[in-house]
Amino acid sequence: MTFGQLPYDVAHLLGGGMLLLSFMLLYQRRVGAVINALAMQGGILAAAAAWQGVVQDAPQLFLTALIAFAAKAVLIPLALRHLLRRLDLHRTVETALGVGPSMIAGVALVALAILVVLPITAGVRAIAREDLALALSVVLLGMLMMITRRNAILQVVGLMTLENGLILAAVGVAGMPLVVELSTAALVMMLLVVGGVFVFQIRERFDTVDIGFLERHRGESP
Amino acid sequence: MALAPLGAGGYTRSRESPPPVAVLTALALCLGVLVLLGALAVPLGRHRQAGRLVHGGCLIVALGFVAVALTALLAGAPAEPLVLPFGPPWAAARLGLDGLSAWFLLLLGVTGACASFFALGHPPGPARTLPPFPLFLAGMALTLAATDAFVLLLGFELMSLVSWALVAADHEKPENRAAARLYLIFAVLAGGCLVPAFGLLAGNAGGITFEAMRAAPPEGWGAAAVLALALAGAGAKAGLVPFHAWLPLAHPAAPSHVSALMSGAMTKVAVYVLARLLLDLCGPAQPSWWGIPLLVLGAGSALLGALRANLEDDSKTLLACSTIENIGFVVLGLGLALAFRGADLGPLAALAAGAALLHALNHGVFKTLLFLVAGAVLHGAGSRRLDRLGGLIHAMPVTAGCALVGAAAAASLPPLSGFASEWLLLQSLLAGWRVSDIGFQVITAAAAAIAAMAAALAAAAMLRLFGLVFLGRPRSPRGAGAEEVSAIERGALLLPTALTLLLGLFPGVLLGLAAPALRVLTGRPAEAPARGAWLTAGEGAAGYAPLAVALLLAVAFLGVALLVRRRSPNATQRGPVWNCGFIDGPFGPFGDPLAQPSAGGIAQPLRRMLGENLLRARESVEMPRPGETRPGHYASSFEDPSGPLLIAPAAALRDRIAAQAERLRDLTIRQCLSLSFAALVGLLALLAWLEAG
């Protein structure tokens, strides 16, 4: 199975779509758009999982796809939107690193991921290699988003993207047990809850979710 | 006789060797008994007979070590290591002996037996000193019996840790706590350098056994790194300059029999590790310049140690400084052996290595004796300070006689043991011109001058020690009331005294015994530089026959005695001491102690000559103005250069690192995340670079 065959091309397309959406997350200037992009990424992840289910003839991956779609494309974005409305937040993205430099850093990270993954996995099925490279890129871009955004909600989004990348890697490997998938999904839900509580707490105390504001109240920095 | 080469380092007479099981099983049994004694000493610690049980057991085990080592040296080392039924997860632990480790095991056995014997008669210390003592012996023996890096490092660290517990035993005094802390820091430094040194060798060889390491000697920068790490790691434990700062502090802090063991055996175990690493495991093909760092550090240690020994006013600190000097001599010999071997001068390498081995054993014995004498003086006269002792030759005649032999050996007077090995060492230094490199020739010439100077300084230090402690008149009431120590302690002093005399009279026999160790160090079957009981050097051009020297000295001494007897046939009469016209001081008939030379006073010429340059010695005199009634004040002090040059910068570096690390606590969440992200990206980049390269 190489380039030019349908299973490979579609898997590659879906992985590439996720990567593209990771970049879109990086350059959005409004929180609402960021959540939309996250939802789309969740949807593509569900599609990728379902496609892998078809290719690998593994019915449990359909369940994975269903969970991914329900949680990542629907529920979590809705929850985040709800949060946004309830908190009546600024709708603009506060960045620590400008959009242009973040994009350049993102491109460099993707190059690094490819440089690392492709030589290591020489001799493995082509589809797994490409998928791994794409997944690692998505993970790295998620971490980049977490450190270049000041808004707590956007950091939660970065964490979600990171998790999407991990699941993309997991579904690309044949024989991934469902148990792990379920537990990771549950973990992400937990993280979302923690993140939500965190945001509420900050909101109640300081009337803002800018974590830069938090630093002044630890009594350490001036 | 079938000579089967075992790697590059050792040959073994496979047919003639005794069943390896017997020798090595005895060794393993001794180790087991020591561990058992250590465990038993915990519940029994406060029992009245616990000290007798533990030290008696250690004495028997140490004699067992001597027997095992002698068997291995005389009958050939066991070819196959003994595989124990337990060990680290990846392989069973193995015990083995070759010529080199058997030689040092002999030293450990002799020193351990003397120290344990002395402790039997010594008043018992606190109960917490009992469990570490057998474990200390076990750690050293395990280091020597190791055949792979893991067991060696395990034994080495066990030795470091339990000896720390012994140094810290008397922790009520703040200076002992400080000494123990410094000791622990240097022990950690030693471990932190030796682990990567063995790691480099093991990584090169693909295995941690000594056979695997010998088969793949390091090259290039890896070899240089092993050299530097081994020098720092083993040097920090042996007390090699510039890592000697702990020695003069730790030895006085430990109980006397422990300081004897630390000085006599533990520093030698570190030298063994150094020799094992550099002369055996790195293979015989290392270049000649490898000897130069050892030469330089050895000569520096010898000079600094001997000079400091002349300035100290605490008997145990003085002996510790003399240990630094002697370790310097041993390392000097090893460095010469490395250089001669690299220049393909086999007999000279054997000469230098023989000098180093012989001096290690001789120093181990006479320094044990001297530390035990210091312990006996502390017990009998109540002080270690030279300015509170004096005239003990009347109150403690046996101790004084033993001290005289030990001090004369340390001062390298013929026909005692110190002279034999230092003579060999100087002979090998004088043969340094045989290496054709002009730089090396200059360095050996300088090292020979420094070694000769250090030997002379050591003689002065020993003269000062003996004169201040045993001659003259008592300097304090407690010293005046001194009593001879118990019979067991006297026996424990006489044992190393007899050994010092024997080793001095038969160095040639001893070197013949060391032939298997020389084979390991020189990498080829080498002729020991000895002919019968004689020592020979430089292909027979020079020789030293201790028996003949002893005979000549005896004849001269008897002749003088007869002459004196003939010239003045009357019996000697003792009269009152003339105390320079002063009236009797507060100590009644002994005169004012200030009318006698003091430790600082005897040290003054050397302090002014050499100390001002090498040790930053300072003097200050504060005189009262005319009419003032307060006394004048004179103060002198010196500072070891390792303090401002090594310890202080290291402490400043630690403070800076701590301050930097403290800043991590102030990082924001985003900065913390960025740190871990940067670490991840860095590791990935490293991975990509490694794959590309």
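These numbers were taken from a predicted model, which means no experiment stands behind them.

A. Spotlight on the overall build of chain A. Looking only at helices and strands, chain A has eight helices and zero strands in total. Sequence-ordered secondary structure for chain A, helices as α and strands as β, is α-α-α-α-α-α-α-α. Looking at the 222 residues of chain A, the share that counts as buried comes to 41%. Taking the intrachain contacts of chain A between residues at least 6 apart in sequence as the baseline, contacts between residues at least 24 apart amount to 71%.

B. Structural context of the overall build of chain B. Each helix and strand counted, chain B has 25 helices and nine strands in total. For 693 residues, the compact-globule estimate of 2.2 N^0.38 gives 26 Å, and the C-alpha radius of gyration of chain B, at 26 Å, lies within 12% of that figure. Overall size of chain B, expressed as C-alpha extent along the three principal axes, is 90 × 75 × 60 Å. The 693 residues of chain B split such that 53% are buried. Within chain B, residue pairs in contact and separated by at least 24 positions form 78% of the contacts whose partners lie at least 6 positions apart.

C. Structural view of the packing of helix H1 (residues 6-27) of chain A against helix H6 (residues 152-172) of chain A. All names here are of chain A. In contact at an axis separation of 12 Å, H1 and H6 are set at 165° when each is read in the N-to-C sense. The pairing of H1 with H6 is recorded here as roughly antiparallel in orientation. In the crossing of H1 with H6, the sense of the turn from one axis to the other is left-handed. Residues Gly15, Met18, Ser22 and Leu25 of H1 form the contact with H6, whose participating residues are Val157, Thr161, Asn164 and Leu168. Considered class by class, the residues forming the contact of H1 with H6 number four nonpolar, four polar and no charged.

D. Representation of the sheet that holds strand E7 (residues 542-544) of chain B in the model. Residue and element names in this part refer to chain B. Taking strand neighbours across the sheet as the criterion, the three strands line up as E5-E6-E7 in an open arrangement whose pairing is antiparallel. Each edge of the open sheet is held by one strand with a lone partner, namely strand E5 (530-531) and E7. The pairing of strand E6 (residues 534-537) with E7 spans three bridges and is antiparallel. Opposite Ala537, over in E7, you have Ala542 as the bridge partner. Sitting on the sheet, helix H16 (residues 417-430) touches E6 and E7, and the angle it makes with E6 is about 10°.

E. Region of the structure containing the interface of chain B and chain A. Tallying the contact residues gives 13 residues for chain B and 13 residues for chain A. Taken together, the residues that form the side of chain B that touches chain A break down as eight nonpolar, two polar and three charged.

F. Representation of unusual backbone geometry in the model. Residues and elements named next belong to chain B. Residue Val241 is joined to Pro242 through a cis peptide bond whose omega torsion reads 10°. The linkage connecting Pro414 with the following residue, Pro415, adopts the cis geometry, with an omega of 5°. With respect to the helices, strands and loops of the structure, Pro415 is situated in the loop between helix H15 (397-410) and H16. Not every positive phi belongs to a glycine, and Asp344 is a case in point at roughly 65°. Mapped onto the elements of the fold, Asp344 is located in the loop between helix H12 (315-342) and helix H13 (346-381). We classify Asp344 as exposed; it has 11 C-beta atoms within 10 Å. The backbone of Ser412 shows a phi angle near 50°, a positive value even though the residue is not glycine. By the secondary structure assignment, Ser412 is in the loop between H15 and H16. We classify Ser412 as buried; it has 25 C-beta atoms within 10 Å.

G. Structural view of the UniProt feature "transmembrane region" (unreviewed entry) in chain A. Per the UniProt record, "transmembrane region" (unreviewed entry) is found at residues 6-27, 34-55, 61-84, 96-120, 132-149, 156-176 and 182-200 of chain A. Spanning residues 96-120 of chain A, this segment combines 88% helix with 0% strand, and its end C-alpha atoms are found 34 Å apart.

H. Region of the structure containing the nonpolar core. Of all hydrophobic cores here, the largest spans 231 residues; its most connected members are Leu105(B), Ala141(B), Val271(B), Leu274(B), Ala337(B) and Ala451(B). For this core, the element with the most residues is H13(B), which contributes 24 residues. Aside from chain neighbours lying at most four places away, what touches Leu274(B) is Ala230(B), Ala234(B), Ala238(B) and Leu334(B). Leu19(A), Leu25(A), Ala39(A) and Met160(A) belong to the second-largest nonpolar core, a separate cluster that totals 59 residues.

I. Molecular detail of the confidence of the model for chain B. Residues and elements named next belong to chain B. Per-residue confidence for chain B gives a mean pLDDT of 89; residues scoring 70 or more make up 94%. H15 holds the highest mean pLDDT among the elements of chain B, 96, whereas strand E1 (residues 3-6) holds the lowest, 40. Note that residues 1-17 has pLDDT below 50 and, in this model, 39 contacts with residues that lie over four places away or in other chains. Among the prediction metrics, the complex's ipTM stands at 0.81, with pTM recorded as 0.81.

J. Examining the UniProt feature "domain: NADH:quinone oxidoreductase/Mrp antiporter transmembrane" (unreviewed entry) in chain B more closely. Cross-referencing UniProt, the feature "domain: NADH:quinone oxidoreductase/Mrp antiporter transmembrane" (unreviewed entry) maps to residues 146-432 of chain B in the present numbering. Across residues 146-432 of chain B, the secondary structure splits into 79% helix and 0% strand, with the terminal C-alpha atoms separated by 34 Å.

K. The packing of helix H3 (residues 99-121) of chain B against helix H4 (residues 132-145) of chain B, seen in detail. Residues and elements named next belong to chain B. Remark: H3 packs on H4, axes separated minimally by 9 Å, with the N-to-C direction vectors making an angle of 165°. Considered as vectors, H3 and H4 are oriented roughly antiparallel to each other. Handedness of the crossing formed by H3 with H4: left-handed. Of the residues in H4, those in contact with Ser101, Phe104, Leu105, Leu108 and Gly112 of H3 are Leu137, Met140, Ala141, Leu144 and Ala145.

L. Seen up close, the pairing of strand E9 (residues 633-637) of chain B. Residues and elements named next belong to chain B. Counting buried positions along E9 yields zero of five residues, so the element is predominantly exposed. Pairing analysis gives five bridges linking strand E8 (residues 618-622) to E9, with the strands arranged antiparallel. Residue pairing in the sheet places Arg618 in a bridge with Ser637 of E9.

M. The arrangement of the environment of Phe136(B) in detail. Residue and element names in this part refer to chain B. Examined against the element boundaries, Phe136 turns out to sit in helix H4. Residues Phe136 and Ala228, spaced 92 residues apart in sequence, show a C-alpha to C-alpha distance of 27 Å. Filtering out sequence-adjacent residues up to four positions away, Phe136 remains in contact with Met159, Val162, Ser163, Leu166 and Leu261.

N. Geometry of helix H8 (residues 220-238) of chain B. All names here are of chain B. Here H8 is 19 residues long and its end C-alpha atoms lie 26 Å apart, about the 27 Å a rise of 1.5 Å per residue gives. Three or more residues of H8 are buried, namely Ala223, Val226, Leu227, Leu229, Ala230, Leu231, Gly233, Ala234, Gly235, Ala236, Lys237 and Ala238. The inward-facing, buried residues of H8 contact helix H6 (174-205), helix H10 (256-281), helix H11 (291-311) and H12. Positive phi appears at Gly239, one or two residues downstream of H8, with a value of about 85°.

Calculation criteria
- Residues numbered from 1 in each chain as written.
- Chains lettered and ligands numbered in written order.
- Predicted model: local features only at pLDDT ≥ 70, side-chain atom pairs only at ≥ 80, totals over all residues.
- Helix = DSSP H or I, 4+ residues; strand = E, 2+ residues; numbered from the N terminus.
- Buried ≥ 20, exposed ≤ 12 C-beta atoms within 10 Å, placed from the backbone.
- Contact = placed C-beta atoms within 7 Å.
- Rg over C-alpha atoms; globule rule 2.2 N^0.38 Å.
- Axes fitted to C-alpha atoms, helices over the stretch in contact; angles between N-to-C directions.
- Parallel < 35°, antiparallel > 145°, perpendicular 65-115°, else oblique.
- Left-handed = near helix turned anticlockwise from the far one by under 90°.
- Nonpolar A, V, L, I, M, F, W, Y, C, P; charged D, E, K, R; others polar.
- Pairing = 2+ DSSP bridges.
- UniProt positions renumbered as here; feature names shortened; annotations may be inferred.
- Core = buried A, V, L, I, M, F, W, Y, C linked by C-beta atoms within 7 Å.
- pLDDT = per-residue confidence, 0-100.
- Expected span 1.5 Å × (residues − 1).

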